[in-house]
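Each chain, written out:
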Amino acid sequence: MPTYSEEELAEALAECAREPVHIPGAIQPAGCLVSLNEDLSRVLQVSSNIEELLGMPVTEALSHPPTHCLGEALIARLDSRLASDGGKVMVGDILTSAITGERCRATAYRSGTRVVVEIEPLRTLGELEILTTVSHWQTCLAEQNSEPELLQALAEGVRALTQHDRVMVYSFDADWNGLVEAECRSEGVDSLLGHRFPASDIPSQVRALYDINPVRSIPDAQAEAVALMPERCPLSGEPLDLSVGNLRAVSPVHQEYLHNMGVAGSLSVAIHGDEGLWGLVACHAMTPCALSPVSRDAAHLLAQMAIQRLQRLRLLFQQRFRQRVQETRGLLFETRKELLVAGDLVQRHGHDWLTLFRASGVGMVYADTVSRVGKLPDADMLKKVAAWLGESQSRATAWHSSALGETRLGEWLSPQCSCGLLAVPLSVDASRQGWLMLFREEQRETSLWAGRPEDVPRMKDGRLVMSPRRSFEVWQQELTGHSAPWQEVEVLAAQDLGEDLAIAASASEIFNLNETLYQERQALADANRRLERLALTDPLTQIWNRYRIEMALEAELNAAARYGRDVSVLLFDIDHFKSVNDRFGHEVGDRVLTLLAQTVWNALRSCDAVGRWGGEEFLVLCTGCTDEDVMGLASRLLKAVSEVDFDEVGRVTISIGAACWTPGESQTDLIRRADKAMYQAKKGGRNRAEKSE
Ligand SMILES: Nc1nc2c(ncn2[C@@H]2O[C@H](COP(=O)(O)OP(=O)(O)OP(=O)(O)O)[C@@H](O)[C@H]2O)c(=O)[nH]1
């Protein structure tokens, strides 16, 4: 357990970050340095090893114009290049060492108001050989179709160029810890593949230097630094900022770090992605390793090519993922045509979404319904989570966490089965809202640290300081409480899915509402029909009631008056019906009435109608009937009734009174005449028809 407080650690880190690594006042002995004033007319500082490379003592170089130590041609080129390059590093001016006869490369850059020229011998691989090597690995990188293979090819390519004993490609996590993702090494050198390096290994100001100058070469970490003469600018008294250069002396802290790791020389090449520093290619040499500036630049070139390919691969992955999501959305649209409720959609497609989103469970809480597929909390818990999300989160955007234990939900959810959650709001309207939730299980990982991160801060003179690590022994750390992180592309895709589900939910609701409305309308129409029937039908005999037959008669008489048509009525009742009731009971009497009504109804033409006039009296309305016709119909009815067997009652007869309408006659008068005629029939012996004259 750390024995220091958070504040002490923060102060130690800040102190470490204040180390002025960019103005060491010295360079590495891999080359020499000349600093000039802005108009290139005066030498201001030189490195104390200038004589070893340029064959000229420090005092001589400082007391003569720059052309004396650097030559007329180089100064002329510097003059023109610096004017056009606006102070950027300038490479490619070659001169030959006066002492060793080696070809050297001069690199110039602006540092404040000064111009710095660094001179380094060109060594090892020939330029042509480097070109061939770069070209080979460039092709190789372009052919890689997976991230691990690509990073492995980068490690191998850089090692082919620099000949270091161990070349690692490591990426930074969100906290700037490094993870070794690929490695290429010579036999007998320990592997650090899969190891993590704590963020404190590269203090923030050193990381910032990688933005200015992506390549840091240390051919011999323990070589004595070469002082600048004088140490500060003789004009301004300012130290010389060597951030942009290649020769900056190694900070004592870094020297100790490399020593503790058993590394004699190193090369670090920053890998910058679209979002800044992505990682590093870190090369270690177990013995000092002189490196040609051209190889160094070539290594940088390969790193740049690799990151471009990496970004392309990630883009392709994202495109493929979104394509698959689009396909799922297409399926959703297809099934939406069936107007499934949103919950059914989850049941139907949930398993596909589990695969697509690498999730262990998918749930949806919408209105009062919960749908679940896979491994996830129970329905009540999902409702509780949805309620919390609704209260505490924006309704417009997705919410996600890959460490639920660190959130409010950690109190409710078991970390083993629900460690990560991506929740997407389904907003249908203000009153109806829901959440689509994708859960991920815990992803237990064993992290191999190259030394314990906590060992870095140490007490020195009663104060906590960040010290270079002494031990790089593998230390295992169990990472728990985390799921795989949610990628941005996954969050966006889940939001698309959420929108589709919200649309499906409202579509099915509208359908359900319409359905209910339709059913209610049907019920109303049925009730109306029943009412109408009740209002117009005789409940016993199921033929028209008096009201209905009167209406029909009225309409017929109006039409007859208008078009001069014939209309007749037959009024009849059962003979001696009282005795039927008396002998067999009222119920039997009812059955006789019903069967009689059906018999008459069946005997009529479709244009005629019969209604119950009251009691055991019936009225037949005959349209287009002359006197003759109506008596013919009356005879047919007498016959039809006489042929019916009325069960225990046996045969019954009826007496009919017929009346033909005369123009101008009222309905009442017409009926009265028919009634009179029926009376005549009764009087005449029954089971007969009489016609009103
Ligand atoms: N079962 C039953 N009987 C009814 C109904 N409406 C009227 N009646 C009976 O019909 C009988 C009519 O009797 P009356 O008017 O004396 O006539 P009748 O016995 O048919 O003799 P005539 O008409 O002179 O041949 C009565 O007994 C009524 O109770 C009914 O809806 N159901």
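Residues numbered from 1 in each chain as written. Predicted model: local features only at pLDDT ≥ 70, side-chain atom pairs only at ≥ 80, totals over all residues. Heavy atoms only, no water.

## Topic: the overall build of the chain
Part 1 of the argument: When helices and strands are tallied, the chain shows 18 helices and 27 strands.
Part 2 of the argument: Taken across its 693 residues, the chain has 48% of its residues classed as buried.
Part 3 of the argument: Nonlocal contacts in the chain, meaning residues at least 24 apart in sequence, comprise 65% of its contacts between residues at least 6 apart.
Part 4 of the argument: Of the roughly 33,700 Å² of accessible surface on the chain, a fraction of 50% belongs to carbon and sulfur atoms. (Helix = DSSP H or I, 4+ residues; strand = E, 2+ residues; numbered from the N terminus. Buried < 20%, exposed > 50% of the residue type's maximum accessible area, 1.4 Å probe, protein only. Contact = heavy atoms within 4.5 Å. Areas by Shrake-Rupley, 256 points an atom, 1.4 Å probe, with all protein chains shown as cover.)

## Section: the pairing of strand β23 (residues 567–574)
Part 1 of the argument: For β23, the buried fraction is high: 8 of the 8 residues fall into the buried class.
Part 2 of the argument: Neither face of β23 is open: one carries V567, V569, L571 and D573, the other S568, L570, F572 and I574, and all of them are buried.
Part 3 of the argument: As judged from the 7 bridges shared by β23 and strand β25 (residues 617–623), these two strands associate in the antiparallel manner. Along β25, the bridge assignment pairs F572 with F618.
Part 4 of the argument: Relative to strand β26 (residues 654–660), β23 runs antiparallel, the two sharing 7 bridges. Note on β26: the bridge partner recorded for I574 is I654. (Pairing = 2+ DSSP bridges.)

## Overview of helix α14 (residues 546–563)
Part 1 of the argument: With 18 residues, α14 should reach 26 Å at 1.5 Å per residue; the first-to-last C-alpha distance of 25 Å fits that figure.
Part 2 of the argument: Buried residues belonging to α14 abut β23, β24 (609–614), β25 and α18 (667–683).
Part 3 of the argument: Looking at where α14 begins, the residue whose side-chain oxygen comes 3.2 Å from the main-chain nitrogen of Y547 is N545.
Part 4 of the argument: At the exit of α14 stands G564, carrying a positive phi of roughly 70°. (Expected span 1.5 Å × (residues − 1). Polar contact = N/O pair within 3.5 Å; in protein donor to acceptor, adjacent residues only side chain to side chain.)

## What about the site of the ligand?
Part 1 of the argument: As a structural note, the neighbourhood of the ligand is formed by 16 residues, with H576, F577, N581, R612 and K682 the closest of them.
Part 2 of the argument: Note that an oxygen atom of the ligand is positioned 2.9 Å from one of the backbone N or O atoms of K578.
Part 3 of the argument: At a separation of 2.9 Å, an oxygen atom of the ligand approaches a polar side-chain atom of K682.
Part 4 of the argument: About the coverage of the ligand: the protein hides 67% of its 660 Å² of free accessible area.
Part 5 of the argument: Contributions of two or more residues to the shell around the ligand are made by β23, α15 (577–584) and α16 (586–603).
Part 6 of the argument: Class assignment of the residues belonging to the shell around the ligand gives a composition of 3 nonpolar, 5 polar and 8 charged. (Near = heavy atom within 4 Å. Nonpolar A, V, L, I, M, F, W, Y, C, P; charged D, E, K, R; others polar.)

## Focus on the sheet that holds strand β27 (residues 689–691)
Part 1 of the argument: Pairing within the open sheet is mixed, and its 5 strands lie in the order β24-β25-β23-β26-β27. One side of each edge strand has no neighbouring strand; the edge strands of this open sheet are β24 and β27. Between one strand axis and the next, the sheet turns through 20° on average, direction left out of account.
Part 2 of the argument: Relative to β25, β24 is paired through 5 bridges, and the arrangement is antiparallel. (Axes fitted to C-alpha atoms, helices over the stretch in contact; angles between N-to-C directions.)

## So, the packing of α14 against α18
Part 1 of the argument: Orientation of α14 relative to α18, taken along the N-to-C sense of each, is 110°, at an axis distance of 11 Å. Between α14 and α18, the interaxial angle falls into the category roughly perpendicular. For the pair α14 and α18, the crossing hand works out as right-handed. Contacts between α14 and α18 involve E550, L553, E554 and L557 from the former and Q667, L670 and I671 from the latter.
Part 2 of the argument: Residues belonging to the contact of α14 with α18 are distributed by class as follows: 4 nonpolar, 1 polar and 2 charged. (Parallel < 35°, antiparallel > 145°, perpendicular 65-115°, else oblique. Left-handed = near helix turned anticlockwise from the far one by under 90°.)

## With respect to the pairing of β26
Part 1 of the argument: Counted residue by residue, β26 has 7 buried out of 7 residues, so it is predominantly covered.
Part 2 of the argument: Relative to β27, β26 is paired through 3 bridges, and the arrangement is parallel. Paired with G657 across the strands is E690, a residue of β27.
Part 3 of the argument: Between β26 and its parallel partner β27, the chain crosses via α18, and the hand of that crossover is left-handed. (Right-handed = clockwise from strand over helix to strand, strands pointing away.)

## Let's talk about the packing of α16 against helix α17 (residues 627–642)
Part 1 of the argument: Relative orientation of the contacting elements α16 and α17 amounts to 135°, with a least axis distance of 10 Å. One finds that α16 runs oblique with respect to α17. Here α16 runs over α17; the crossing is right-handed. Listed contacts from α17 to L596, T599, V600 and A603 of α16 are R636, L637, A640 and V641.
Part 2 of the argument: Here the contact of α16 with α17 is built from residues that sort into 6 nonpolar, 1 polar and 1 charged.

## Remarks on the sheet that holds strand β18 (residues 433–440)
Note: strands within a sheet are paired through backbone hydrogen bonds, in either parallel or antiparallel orientation.
Part 1 of the argument: Spatial strand order, β15-β14-β18-β17-β16: 5 strands in an open sheet with antiparallel pairing. Unpaired on one side and paired on the other, β15 (369–374) and β16 (399–401) mark the two borders of the sheet. When strand polarity is set aside, the average angle formed by the axes of neighbouring strands in this sheet is 10°.
Part 2 of the argument: Relative to the sheet, helix α12 (residues 379–392) contacts β14 (361–366), β15, β16, β17 (420–427) and β18, its axis offset from that of β18 by approximately 115°.

## Let's talk about the packing of aromatic side chains
Each aromatic ring pair is described using two quantities: the centre-to-centre distance and the angle formed by the ring planes.
Part 1 of the argument: Applying the stated criterion across every chain yields a total of 6 aromatic pairs.
Part 2 of the argument: With centroids separated by 5.4 Å and ring planes inclined at 20°, the aromatic side chains of F572 and F618 adopt a geometry described as stacked. Here F618 lies in strand β25 and F572 lies in strand β23, a separation of 46 residues in the sequence. The same class applies to F572 and to F618, which are both buried.
Part 3 of the argument: The structure contains a cluster of three or more aromatic residues connected by ring pairs, namely Y170, F172, W176 and F197.
Part 4 of the argument: Above the face of the W486 ring, R440 is positioned so that its terminal group lies 3.7 Å from the ring centre.
Part 5 of the argument: Across from the ring centre of W613, 4.0 Å away, lies the NZ or CZ of R546, which sits over that ring. (Phe/Tyr/Trp six-rings, centres within 6.5 Å; stacked < 30°, edge-to-face > 60°. Lys NZ or Arg CZ within 6 Å of the ring centre and 35° of its normal.)

## Focus on the side chain of R309
Part 1 of the argument: Within the secondary structure layout, R309 lies in helix α10 (residues 293–336).
Part 2 of the argument: One buried charged residue, R309, forms no salt bridge at all, with the nearest opposite charge on E149 at 8.7 Å. (Lys, Arg positive; Asp, Glu negative; His and termini not counted. Salt bridge = Lys/Arg side-chain N within 4 Å of Asp/Glu carboxyl O.)

## Here we look at the confidence of the model for the chain
Part 1 of the argument: In the predicted model, the chain carries a mean pLDDT of 86, and the fraction of residues at 70 or more is 87%.
Part 2 of the argument: Within the chain, strand β3 (residues 43–47) carries the highest mean pLDDT (97), whereas strand β4 (residues 90–96) carries the lowest (60).
Part 3 of the argument: For this predicted complex, the interface confidence score (ipTM) comes to 0.95, while the overall pTM stands at 0.62. (pLDDT = per-residue confidence, 0-100.)

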